[in-house]
Amino acid sequence: MTRRCVACHEITPPNNINYCPNCGHDFRRRPIQQPSSNDNDGKLSHSCEYKSVCVEYLRSLNWNKDLFNREFNRCYCKNCYRDSFPDTLTEAGSLYVIPRGWCRFGLQVDKVRADVDNIWRNWIVTYHGTSAVAAQSIVAHRQFLIPGDKRIDGKKIAILPGHIDEKFHIYTSPTIAYSGHPVYCPSVRFQSNITKKYYNARIVLQCRQMPGKFQVQRETIGADNKRICPIIPNNQVEIFTTVRASIVPYGLLIHLAETN
Ligand SMILES: [Zn+2]
Ligand SMILES: [Zn+2]
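Owing to the predicted nature of the structure, the values given are computational and were not obtained by experimental measurement.

What counts as what
Residues numbered from 1 in each chain as written. Chains lettered and ligands numbered in written order. Predicted model: local features only at pLDDT ≥ 70, side-chain atom pairs only at ≥ 80, totals over all residues. Heavy atoms only, no water. Pairing = 2+ DSSP bridges. Helix = DSSP H or I, 4+ residues; strand = E, 2+ residues; numbered from the N terminus. Axes fitted to C-alpha atoms, helices over the stretch in contact; angles between N-to-C directions. Donors = N, O, S within 2.8 Å, 3.2 Å for Na, K, Ca; no water. Tetrahedral: all angles 85-135°; square planar, octahedral: opposite > 155°, others 65-115°. Buried < 20%, exposed > 50% of the residue type's maximum accessible area, 1.4 Å probe, protein only. Contact = heavy atoms within 4.5 Å. Core = buried A, V, L, I, M, F, W, Y, C linked by side-chain atoms within 4.5 Å. Polar contact = N/O pair within 3.5 Å; in protein donor to acceptor, adjacent residues only side chain to side chain. Expected span 1.5 Å × (residues − 1).

Could you clarify how one ought to interpret the sheet that holds strand β11 (residues 215-217) in this entry?
Pairing between the strands of a sheet is mediated by backbone hydrogen bonds and can be parallel or antiparallel. Strand order in the open sheet formed by three strands is β8-β12-β11, with antiparallel pairing between adjacent strands. A strand with exactly one partner marks an edge of an open sheet, and here the two such strands are β8 (170-172) and β11. Each strand axis lies, on average, 30 degrees off the axis of its neighbour in the sheet, ignoring direction.

Here is the structure:
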């Protein structure tokens, strides 16, 4: 039987785990509530056209299906994640900004890694916006890449033009509003066979990141006083680290915007 986390409404694995893999909620503190009869979140997400088109786009990328864990799939489109649901949750003492408008496909996370570092409990939620091939390289290699590393297509990772030169850092953000910016996250034009419409598709990795191993700084995309995220101020939207093992991706987020 499907069970959901009482804190974040995520579907949780059926086996005996103590913490919600999505938000870290401790199941031992409170009894687990079964969905009530009027809780039709599951039905909504099953019939979501947006999610169906995201699935279609994901298939077009041709990633190995063994990389995924569909238990953690979740659509955050406006139909599936209602306006009345919270914009943020607290994870490991930090704000988790819900990726409204995006659809998540759960990724397999190494159990030893998750248990040893207790990542669902102690690590914060961050985002990493990148191209589809770079994201695939990160997930397939089971680690983040830093400039100088080679992707699976053999191309060297370079710092994107216009970004900070000569710094071998991995950049993430506590908000998808920043990670999803075109500087990090190029759009790809995609036509759906379901809707026959064209979309600009973007990809962001949703991650758990180890506190104490990163620094926080202001935006570096020249936004000046233009607010990027309604929740996280501009002077805290960028996180960087040199410790590649301090970030574990657990979801592939897809965003589709209709275009001509
Ligand atoms: Zn949860
Ligand atoms: Zn949806």
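I tried to follow the coordination of the zinc ion (ligand 2) on my own but got confused; where do I start?
The expected angle between donors at a tetrahedral four-coordinate metal is 109.5 degrees. At an octahedral six-coordinate metal it is 90 or 180 degrees. Here the zinc ion (ligand 2) is held by the protein donor atoms Cys 48 (SG), Cys 75 (SG), Cys 77 (SG) and Cys 80 (SG), which lie 2.2 to 2.3 Å from it. For the zinc ion (ligand 2), the four donor atoms in the first shell make angles of 105 to 117 degrees at the metal, so the coordination geometry reads as tetrahedral. Linear spacing of the donor residues for the zinc ion (ligand 2) on their chain is C-x26-C-x1-C-x2-C. Here Cys 48, found in the loop between α1 (41-46) and α2 (49-61), pairs with Cys 75, found in strand β3 (residues 74-75); they are 27 residues apart in sequence, far enough to count as distant.

What is the right way to read the environment of Val 248 from this model?
Inspection of the secondary structure puts Val 248 in strand β13 (residues 247-259). Since its relative accessible area comes to 8%, Val 248 is described here as buried. Through-space distance from the C-alpha of Val 248 to that of Thr 126 is 9.6 Å; in sequence the pair is 122 residues apart. Not counting the four nearest positions on each side in its chain, Val 248 is found in contact with Val 109, Arg 113, Ile 119, Trp 123, Gln 206, Cys 207 and Arg 208.

It is not clear to me how the nonpolar core should be interpreted in this structure. Could you clarify?
Residues Trp 63, Leu 205 and Leu 256 are the most contacted members of the largest nonpolar core, which totals 34 residues. Elements represented by at least two residues in this core include exactly α2, β6 (103-106), α5 (132-141), β10 (198-209) and β13. It is α2 that contributes the most residues to this core, six residues altogether. Ignoring anything within four residues of it in the chain, the contact list for Trp 63 reads Phe 68, Leu 107, Ala 132, Ala 135, Gln 136, Val 139 and Leu 252. In terms of nonpolar packing, the next biggest core, distinct from the first, is built from 30 residues, Trp 123, Val 125, Ile 232 and Leu 253 among them.

In this structure, what is going on with the environment of Arg 100? I would like to understand it.
Along the chain, Arg 100 turns up in the loop between β5 (94-97) and β6. Along the backbone, Arg 100 and Tyr 81 are 19 residues apart, and their C-alpha atoms lie at a distance of 7.3 Å. When near neighbours in sequence (up to four residues on either side) are disregarded, Arg 100 contacts Tyr 76, Tyr 81, Arg 82, Asp 83, Phe 85, Pro 86 and Asp 87. Of the polar contacts made by the side chain of Arg 100, one reaches the side chain of Asp 87; its length is 2.6 Å.

How should I be thinking about α5 in this particular structure?
Each α-helix winds once per 3.6 residues, and so residues spaced three or four apart point in a common direction. Every buried residue of α5 is listed here: Ala 134, Ala 135, Gln 136, Ser 137, Ile 138 and Val 139. Its buried side turned inward, α5 meets β7 (124-129), β10 and β13. Backbone geometry just after α5 places Arg 142 at a positive phi near 65 degrees.

Would you mind showing me how to read unusual backbone geometry here?
Of note, Lys 196 is a non-glycine position whose phi angle comes to about 65 degrees, a positive value. One can find Lys 196 in the loop between β9 (188-191) and β10. Notably, Asp 224 is not glycine yet its phi reads approximately 50 degrees, a positive angle. Here Asp 224 is to be found in the loop between β11 and β12 (238-241). Given a relative accessible area of 55%, Asp 224 falls into the exposed group.

How should α2 be read in this particular structure?
For α2, spanning 13 residues, the distance from its first C-alpha to its last is 19 Å, which sits close to the expected 18 Å at 1.5 Å a residue. The first or second residue beyond α2 is Asn 62, which carries a positive phi of 65 degrees.

It is not clear to me how the side chain of Ser 131 should be interpreted in this structure. Could you clarify?
Along the chain, the position of Ser 131 falls in the loop between β7 and α5. Not counting residues up to four positions away in its chain, the partners in contact with Ser 131 are Arg 151, Tyr 184 and Pro 186.

These values are about where atoms sit, not about what they do.
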